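Chain by chain, the residues:
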Amino acid sequence: MTSLLPPRHLLEDSDLTREQLEHQLGVAAHLKTERANGVEQQRLIGKTIALLFEKPSTRTRAAFEVAIDEQGGHCTYIDPASSHVGVTESIEDTAIVLGRLYDGIAFRGYAHNDVEALARFAGVPVWNGLTDRWHPTQALADLLTMREHAAKPLEQLAVCFLGDARDNVANSLLTSGALIGMDVRIACPDALRPEDDIIHAAGRIAATSGGRVLVTDDIDQAVTGADFLYTDVWVSMGEPREAWAERIPLLRPYRIDQAMVQRTGNPAVKVLHCLPAIHDQNSQLGHELFTGYGLDGAEVSDDVFRSPHSIVFDQAENRLHTIKAVMLCSLNRSQPILDGA
Ligand code: CP
């Protein structure tokens, strides 16, 4: 029998078996309860962790920092503006240096190859806090949030992602959802489908888990009967602002608004978003999209975002509990948090 403890590194969603994924969610739920009851045990005392971030972040960085602090560890935030990473020093050399100093490394960057190189050379656990291809710590929080908001087990639930499905969030949702046996649907224009290898791999995973994978531009087929709708920003980090001009007409039909909620036929449907979201004019980009394109909110309407359908802030909080679980399962292997690991 393989261990319920996940591998030391978390680079992409399929690094975990279904049993390890379920165990990881169980650990996160346990840690969340410990914290809520004021009885959190500190399991990272004496551990130092590097947060190597090439891209901006609010939730992922904050979740790692708060999780480490609450668990009694210490972390250093390192970005390209204040270090040599990616500019005058290779990932390989950076990995070796950080591995000599730290017990673990969380990485956020562009090329997925970079997080793989870090894991190869650092000699300590490496956790992917987002690359262009995968966002596995986000998917863990997504699954925990869906589990908390549903009366049924995950394998009896359907989630539908709408929008630009070439992004890391959609890839990770597709893969993790398939792994745990969910009915995962993607509604997107043909031009914005996930890469074929990712769809095919998710299909193979679903065939063994009892899950289901559907990628289509037929919105009604995808949303009908869904328990959860999910969307993400239409133009991702690193893409030029000009991309909005071609993306808006392509994606406007996939916006989650009250009409889309109605189209599910499920009055109890919940709405997920990894955040940040463009749902009003109260951010610089939201204001620019309104003045430039007449778009008042983009991928999700403000009334849905603020409605009881929306569980996006529970989802954001769950980044903390799931990231804490990832680090503890990697670094605390001799003292499993749940029985049976
Ligand atoms: N969802 C997410 O990764 O948020 P941040 O970019 O703020 O970390």
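Residues numbered from 1 in each chain as written. Predicted model: local features only at pLDDT ≥ 70, side-chain atom pairs only at ≥ 80, totals over all residues. Heavy atoms only, no water.

**Describing the pattern of salt bridges**
A full pass over the atoms with the stated rule returns 22 salt bridges. The residue E70 makes a salt bridge to K324 at a minimum N-O spacing of 2.7 Å. Note that E70 is positioned in helix 2 (residues 59–70) and K324 in helix 13 (residues 312–331), a separation of 254 residues in sequence. Overall, E70 belongs to the partly exposed group, its relative accessible area being 21%. Given a relative accessible area of 1%, K324 falls into the buried group. Across the pair D164 and R247 runs a salt bridge, and its minimum N-O distance is 3.3 Å. With D164 in the loop between strand 5 (158–162) and helix 6 (168–179) and R247 in helix 9 (residues 243–251), this residue pair connects regions lying 83 residues apart in the sequence. (Salt bridge = Lys/Arg side-chain N within 4 Å of Asp/Glu carboxyl O. Helix = DSSP H or I, 4+ residues; strand = E, 2+ residues; numbered from the N terminus. Buried < 20%, exposed > 50% of the residue type's maximum accessible area, 1.4 Å probe, protein only.)

**A closer look at the pairing of strand 2 (residues 74–78)**
Note: strand 1 (residues 48–53) against strand 2, 5 bridges, orientation parallel. Pairing of A50 across the sheet is with T76, part of strand 2. Read as a crossover between parallel neighbours, the route from strand 1 over helix 2 to strand 2 is right-handed. (Pairing = 2+ DSSP bridges. Right-handed = clockwise from strand over helix to strand, strands pointing away.)

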